[in-house]
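# Working through the structure, step by step
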Amino acid sequence: MRRDLTVRSLAVLIVVLSVFMVLGPLSTVEVKGVGCATGLSPRLHVTLLVPTSNPARRAWAAIIQNSLQCLGMDVSRVELPFSPNIYSRALSPPTSIVGKTFDQGGFDILFVGYNLLIDPDPWGLYHSSQFPPAGQNYYLWNNTQNDNLTNQIKTTLDAATRNNLVKQWQVLAYNELPSIPLLYTHEIVAFDSDYSNAQQVFQTYHFPAWPPIEHLTNATNTSRFILAETGQAPGEGVVPELSTSYYDLAISGELFSGLALRNDTIPNSGQAMIPALAAGTPSAPGWSASPDGKTWDVALRPGVTWHDGQPFTSDDVKFTFDIYQNDTFGAQTESFVKGIVGGINNVTTTGPLSVRFTLPAPYAYFVQNILTTAILPKHILQPAFGTDYSKVTNSLFNQPGTGTAGTPLPVGTGPYKWVGYDAATSTSHLVRNNNYFDFSDWGKSALIAKNQFRVQDYYVKTIVGSDAAITALTNHEVDFLDSQYHLETQQSFLTSWGASKQTSYDSYGVQEMGVNMKHPIIGTGTNTPYAKQYPGNATAAANAARWIRQAISYATPRDQIISSLLNGAGVAAITTPVVGNYKTGAALTQGFNTALQPYPYNLTKAGQLLQSAGYSPTYGASFIDQYGVYLIGAVVVAAVAIAAVYVLRVRRRPMSTATPNTTAAPPATTP
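In short, a report on the structure. Small disclaimer: the values here were computed from a predicted structure and weren't measured.

Spatial ordering of the open sheet is given by β9-β10-β12-β11, a layout of four strands whose pairing is antiparallel. Pairing within the sheet leaves two strands with one partner each, and these edge strands are β9 (287-289) and β11 (347-351). Pairwise comparison of adjacent strand axes, ignoring direction, gives a mean angle of 20° for this sheet. Of the strand pairs in this sheet, β9 and strand β10 (residues 295-299) are connected by three bridges, and their pairing is antiparallel. Looking at β10, one finds that W287 is bridged to V298. Relative to the sheet, helix α9 (residues 314-324) contacts β11 and β12 (354-358), its axis offset from that of β11 by approximately 175°.

Dropping the structure here:
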């Protein structure tokens with residue numbers, strides 16, 4: 001009888017949520033189950049900040065909001081656009097906002113997704129030296145053990161030792177939860193039939209720039225390719241050092257080149273790095289390091305020219321790393337590069353086609369994370385902007401469709417050149433660079449030898465929403481639908497479109513809830529009831545905040561979000577930027593800790609953790625049946641058109657138990 005009553009109650013809950021999702025804006029949804037608490041004593045209020053660009057993320061944010069409300073938490077959800085709101089509140093805030101709560105102009109918890117780079121280097125995302133606005137530790141995590149481990153990870157050259165440190169760091173991050181990871185993504189893309197090798201190309205070359213237009217084969221040399229994206233490109237801009245937008249990669253990845261790039265097509269090589277603007281071949285690249293790993297000499301490829309015909313030289317490399325570390329330039333990853341390179345005096349030209357990096361400390365991921373930096377043209381930017389590189393952000397060079405008049409347009413060394421932007425159709429136009437340089441597998445001659453590099457005119461078109469994009473594809477108005485349309489939610493379309501015109505792959509992406517670790521309740525814990533029992537004891541405060549973050553993680557139905565909203569396209573996440581499939585034990589990045597499991601969905605455990613932190617439910621002791629919140633996802637997915645946005649990020653003690661501590665005994669006095 002009790003079970004039948006629960007089922008009937010859940011049915012009512014789902015119908016109510018369905019009505020809200022269909023008839024009202026997502027921000028109005030607020031549903032509680034029959035057995036849910038009506039509040040906590042004292043009140044515990046947080047605001048979930050959700051970008052408007054991704055209806056899928058908005059949907060699972062609504063699910064998580066209701067789950068937290070069922071615990072008795074007072075949870076608001078606010079949806080804002082990435083630019084300027086999300087950036088100015090959380091990701092790249094002015095100094096006056098850093099650490100502020102949402103009510104003070106900052107954020108509490110941010111729902112965000114981002115692409116990962118090759119290696120598990122948590123230093124750039126989590127070290128305390130990487131606070132915004134010049135760094136990417138937007139969580140503001142300041143933890144001594146974290147700093148020590150991330151420093152050791154980035155400077156340890158022995159791979160086995162380094163991977164062991166990575167596993168130890170994962171245990172720490174898993175317990176502390178500055179980021180509450182939701183899922184690692186599996187992507188599906190769809191395309192027209194004009195490109196005979198499209199399925200293989202899109203499955204293989206989905207990193208680091210997407211999509212790899214230069215590898216496509218078509219019947220004619222004058223073919224055009226129109227890519228549809230749900231996010232604006234250019235958004236933040238086409239200069240890679242100034243943009244964290246996934247969508248901008250579709251343009252910037254074709255305009256600019258790095259000294260090195262990743263090539264996944266070399267047999268038995270794993271995550272191979274090959275020279276691009278650097279000289280040499282995959283087996284004998286033009287870079288070498290001193291025995292201590294602190295000095296790197298890089299020979300540059302001769303005969304490379306910029307899109308305007310000017311020669312590429314070592315001056316361009318030196319200029320790029322100088323401007324990158326210049327405060328006026330305003331790169332969000334400036335602190336990261338400064339922390340590795342050490343300053344403008346640490347990059348020197350040793351000849352017209354040679355450069356030396358003298359690092360303050362060895363860096364294990366130097367090739368992967370530094371030599372992949374997009375090189376910028378000194379002969380264009382220095383005369384145009386002098387020493388005030390703050391003007392680059394709003395210039396035509398970075399925003400070629402809308403930038404400041406009188407400034408230069410973008411010029412790179414990549415396989416495609418900038419042509420123009422059509423504001424009426426939100427379309428950027430690039431054209432094939434017939435003077436693209438030669439290098440192994442990816443260069444002009446190598447591509448032509450494989451009957452690739454066939455796309456003459458390349459267009460990037462913004463179409464918001466999957467329904468409109470699918471219509472455009474089926475009408476042959478566009479040739480490709482980007483993965484962020486979340487086509488896994490469009491099963492009827494995929495079935496009718498056919499298996500030969502789609503492909504899927506495990507992506508280097510993660511979705512998370514980022515926590516403001518300066519927040520007095522969920523971050524530092526100083527305003528929690530438990531901490532107030534032990535005035536001045538920072539350990540007590542930190543314990544209480546950690547218990548609350550763990551409660552939120554236990555209240556997150558990851559598996560149901562993946563199965564119901566995303567039709568199984570993804571795997572529950574454990575930590576970031578170290579990722580892998582816990583079910584199979586397969587590591588997507590090196591050092592993935594297979595001993596860890598995602599936090600299970602457990603509202604009872606979540607409630608116990610909140611009580612440990614000093615919060616008591618004010619209504620009822622039992623919670624909604626575990627599957628009640630799960631079933632919400634099935635309704636949400638029917639009411640939401642799916643799209644997504646990712647933020648491109650630069651990478652992003654002995655092992656202890658991964659079981660969260662729920663003991664509420666008085667802590668030791670703070671040192």
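So much for the structure itself; the text now carries on.
Structurally, A499 can be placed in the loop between α15 (491-497) and β17 (502-515). Take A499: its relative accessible area is 60%, and that puts it in the exposed class.

Moving on, we come to the side chain of S483. Secondary-structure assignment places S483 in the loop between β16 (480-481) and α15. Given a relative accessible area of 2%, S483 falls into the buried group. Once you skip the residues sitting within four places of it in the chain, S483 turns out to touch E187, I188, V189, Y246 and Y505.

Position of T265 relative to the elements: it lies in the loop between β7 (260-263) and β8 (272-275). Given the relative accessible area of 27%, T265 is considered partly exposed. Those residues within four positions of T265 in sequence are excluded, and the remaining contacts are T204, Y205 and D441.

Glancing now at the state of the cysteines. Structurally, a disulfide amounts to a covalent bond that connects the sulfur atoms of two cysteines. Summed over all chains, the structure comprises one disulfide. Each disulfide pairs two cysteine sulfurs, and for C36 the partner residue is C70, the sulfurs being separated by 2.0 Å. Residues C36 and C70 are joined by a disulfide whose S-S torsion is about -85°; by sign, that bridge is left-handed. With C36 in the loop between α1 (2-23) and β1 (40-41) and C70 in helix α2 (residues 55-70), this residue pair connects regions lying 34 residues apart in the sequence. Like C36, the residue C70 is buried in the burial classification.

Rules and cut-offs
- Residues numbered from 1 in each chain as written.
- Predicted model: local features only at pLDDT ≥ 70, side-chain atom pairs only at ≥ 80, totals over all residues.
- Heavy atoms only, no water.
- Pairing = 2+ DSSP bridges.
- Helix = DSSP H or I, 4+ residues; strand = E, 2+ residues; numbered from the N terminus.
- Axes fitted to C-alpha atoms, helices over the stretch in contact; angles between N-to-C directions.
- Contact = heavy atoms within 4.5 Å.
- Buried < 20%, exposed > 50% of the residue type's maximum accessible area, 1.4 Å probe, protein only.
- Disulfide = S-S within 2.5 Å.

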